[in-house]
Amino acid sequence: MSCASKRRHAGRRRVRVRTVSDALPLPLPAPPAAPPQYPPPDLTPWLAGNCGLRGVHHFESGQPGPHTVVTALMHGNEPSGAYALNTLLKKGPQPRQGRLSLIFLNPDAYARYNPAHPTRARYVEEDMNRLWRPELIHSHHDSLEMRRLREVLPVIETADLLLDLHSMLWPGPPLFLHSGQERNHSMACHLANTLTPSPLVIRDDGHQDGSRLIDYERFSTQGGQARACLLETGQHWSQSAAQMALLAVRQFTGLTDATSTNTQDMKNALSKKTVVKTATVTDCVQAHTAAFAFVRPYDSAEIIPSAGTVIALDGPDEIRTPYDNCMLVMPNFRVRRGHTAVRLAQPAEQTL
Ligand SMILES: [Zn+2]
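What this report covers is the structure whose coordinates are included nearby. (Residues numbered from 1 in each chain as written. Predicted model: local features only at pLDDT ≥ 70, side-chain atom pairs only at ≥ 80, totals over all residues. Heavy atoms only, no water.)

**Considering the coordination of the zinc ion**
Formally: A donor here means an N, O or S atom no more than 2.8 Å from the metal, or no more than 3.2 Å when the metal is Na, K or Ca. Since water is not included, a site may seem to lack partners. Under the scheme used here, helices are H or I runs from DSSP no shorter than 4 residues and strands are E runs no shorter than 2 residues, and both carry numbers assigned from the N terminus.
Every protein donor of the zinc ion is listed here as His75 (ND1), Glu78 (OE), Glu78 (OE) and His166 (ND1), and their distances to the metal cover 2.1 to 2.5 Å. Read in sequence order, the donor residues coordinating the zinc ion give the pattern H-x2-E-x87-H. Of the two residues, His75 is situated in the loop between strand S3 (67-72) and helix H1 (80-91) and His166 in strand S5 (residues 161-168); the sequence distance between them amounts to 91 residues.

**A word on unusual backbone geometry**
What counts here: In this scheme, a residue with accessible area under 20% of its type's maximum is buried, one over 50% is exposed, and one in between is partly exposed, where area comes from a 1.4 Å probe on protein chains only.
Residue Thr196 is joined to Pro197 through a cis peptide bond whose omega torsion reads -5°. The residue Pro197 is located in the loop between helix H5 (182-192) and strand S7 (200-203) in this model. Its identity is not glycine, yet Asn325 carries a phi of approximately 55°, on the positive side. Relative to the elements of secondary structure, Asn325 occurs in the loop between strand S13 (317-320) and strand S14 (326-329). Residue classification places Asn325 among the partly exposed positions, given a relative accessible area of 43%. Within the chain, Met330 stands out as a residue other than glycine whose phi angle is a positive 45°.

**Quick look at the packing of aromatic side chains**
Basically, it comes down to this: Aromatic rings from Phe, Tyr and Trp, taking only the six-membered ring of Trp, are treated as a pair when their centres fall within 6.5 Å; an angle between ring planes under 30 degrees marks them as stacked, one over 60 as edge-to-face, and anything in between as tilted.
This structure, assessed with the given rule, holds seven aromatic pairs. Look at Trp132 and Tyr216: their rings are 6.1 Å apart centre to centre, the planes differ by 70°, and that puts the pair in the edge-to-face class. With Trp132 in the loop between helix H2 (107-111) and helix H3 (134-137) and Tyr216 in the loop between S7 and helix H6 (217-220), this pair connects stretches of sequence that are 84 residues apart. By the burial criterion, Trp132 is buried, and Tyr216 matches it. A ring pair is formed by Phe292 and Phe294, whose centres lie 5.4 Å apart and whose planes are at 75°; its orientation type is edge-to-face. Residue classification places Phe292 among the buried positions, given a relative accessible area of 4%. Taken together, the ring pairs connect Trp170, Phe292, Phe294, Tyr298 and Phe333 into an aromatic cluster.

What follows is the structure in structure tokens.
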């Protein structure tokens, strides 16, 4: 089901309403930008990879176990994942079970990253995280990102557990996204439970404008075994995002004994009964016009108490919350026409 599909809610109201509104749009805020709070890692030692694939590092335990995969730099301007993998690689991971692969997905985009312009270099030709659809992959579609995707696909095709590291333009608390299968939800919740601050876990069916790695059929097919989630670690340039990425990678690889690091922490966390904050995306609000604007600043994960509250204006339309206690996930205050402006989600709690 696509993100735009409407789920059923008692008393649900319409999200988009054509009306003459008294609400005033917020003046377009300047895009956030700041110098990185830590030196962007030098990946030169790792670019060749250690298994014949550029930017791919593979480690075997010699023991049976899952293939654990961590991916970073899907987007070239999101260095927190690169920071985490660089730190791990310097220590030399030694999986105790199964296999571990660490992948720098788009080193060409990262090569263009300029700390003076930390929002640029998301990709070279197109967004690599909208291409993970078999029909597209096996078509004649061509770009630098698509060629790179095809290069690393054999590794992804054997992944049992995958963590994809990202960061955000607008400030907000860290959060996990997954494509909606229970196995992915369970993995993300258990991982969130080991982290401080504990990220929200968001079920999100995806974007209308393309498929993410976590949506790839291997991870999202009903009845499948392989699991994946994406972690938005924080704001692109923040130290806390880098620390969150590193902590998450350590815990994730510990979860499967892919490295010995923090395995005991993870087992302790799993033995405690706790509650993880979650939310299910019910609507992806896309900007239909270039004039899309929120009516006030919102924090990511902010909850709007009342159904019918006007949160944004989009040309002739008002955007309203469709139910009480509606969570706004990652609002984009400078959204382009046709792109996702905000996800609306219904909060819940998951007891582990
Ligand atoms: Zn990203």
